[in-house]
Amino acid sequence: NVMFKEAKMIYVGLPGGPDNAKLDGLYFTQWADPDLGTYQDDYVGSDKELSLGFVYNGNRFDDQFKDGFNSAVPAAGHDFLEGPKVDLNGDGELDTLGMTSFSYFASSGSVSDPSSGTYVGTLQWYNLMEGYLPRPEYPTQQPFIDPITGLAEKIVLSGDPIHGSGWVDGIVLPAGDRRYVMSSGPISMALNDTQKI
C-alpha cells in the first residue's frame, strides 16, 4: 500500500517586509512516530541512496499482527521521491535534493524526545533536522557516532537489518517506541520562490 503526499511552499514574506527578504537554513522534514503493531518492540533504519526512512519489528511476530491477523509483521517507511530543487553545482541547473539527514529518538531512551512546549525544544528539533543529537541544543551540536566505524554520521542506522551488517538499530538502544526525522536541506528561498516536495 502506498500513499503519495505533495507539499507546495511559496515564500511570500511578511506584510511590509523588505523586497530582499529570504529564508535561510530551511529544511523539509518528515517526522514519524511509526508505532508498528505493538509499539514497544520497534526498530528504525535508513537508506541514503533511496532517501528512505523505515520502521520494522524487533521480533519475528508482533502480538497485534499475530493475534489480529495471524501474520508476520510488515515494515513501513517514508521516501523523499522528489525533494527541494537547488543548484548544487553552481551551474545554474536545478538539482533535486534527496534526504540529507536521518535521525531517530526513543521514548524514555538515552536519545529521547525533544522538549515540548518550550523554545529550547525548537532548538532540539533543529539539531535533529541537521542530523545531530537533540541535546545539547543548537547552536551546540553533537553528532551521532556510528558504533561500528566510530565516525560521525548525519544519516544514521543505514546498515542492513536483513543481514545484520553495519549500524543497525538495536546496537545502541534496545527495541522500543521509536520516532524518526528525515530531512532535506538546508536550502534558501527568496521572495516568491516556490518549492514542491
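This text goes with the structure placed above it.
(A) Representation of the environment of Phe 102 in the model. Looking at the secondary structure, you find Phe 102 in strand β8 (residues 101-106). The spatial distance from the C-alpha of Phe 102 to the C-alpha of Gly 159 is 13 Å, given a sequence separation of 57 residues. When sequence neighbours within four positions are dropped, the list of residues in contact with Phe 102 reads Val 44, Gly 45, Ser 46, Gly 53, Lys 154, Ile 155, Val 156, Tyr 180, Val 181 and Met 182.

(B) View of the sheet that holds β8. Here we have three strands laid out as an open sheet, ordered β2-β11-β8, and antiparallel in their pairing. Where the open sheet ends on each side, the last strands, each with one partner, are β2 (22-32) and β8. This sheet shows a mean twist of 30° between the axes of neighbouring strands, independent of strand direction. Alignment of β2 against strand β11 (residues 178-190), held across eight bridges, turns out to be antiparallel. Looking at the pairing, Gln 30 lines up with Met 182 of β11. Packing against the sheet, helix α2 (residues 119-129) makes contact with β2, β8 and β11, and its axis sits at approximately 130° to β8.

What counts as what
- Residues numbered from 1 in each chain as written.
- Predicted model: local features only at pLDDT ≥ 70, side-chain atom pairs only at ≥ 80, totals over all residues.
- Heavy atoms only, no water.
- Helix = DSSP H or I, 4+ residues; strand = E, 2+ residues; numbered from the N terminus.
- Contact = heavy atoms within 4.5 Å.
- Pairing = 2+ DSSP bridges.
- Axes fitted to C-alpha atoms, helices over the stretch in contact; angles between N-to-C directions.

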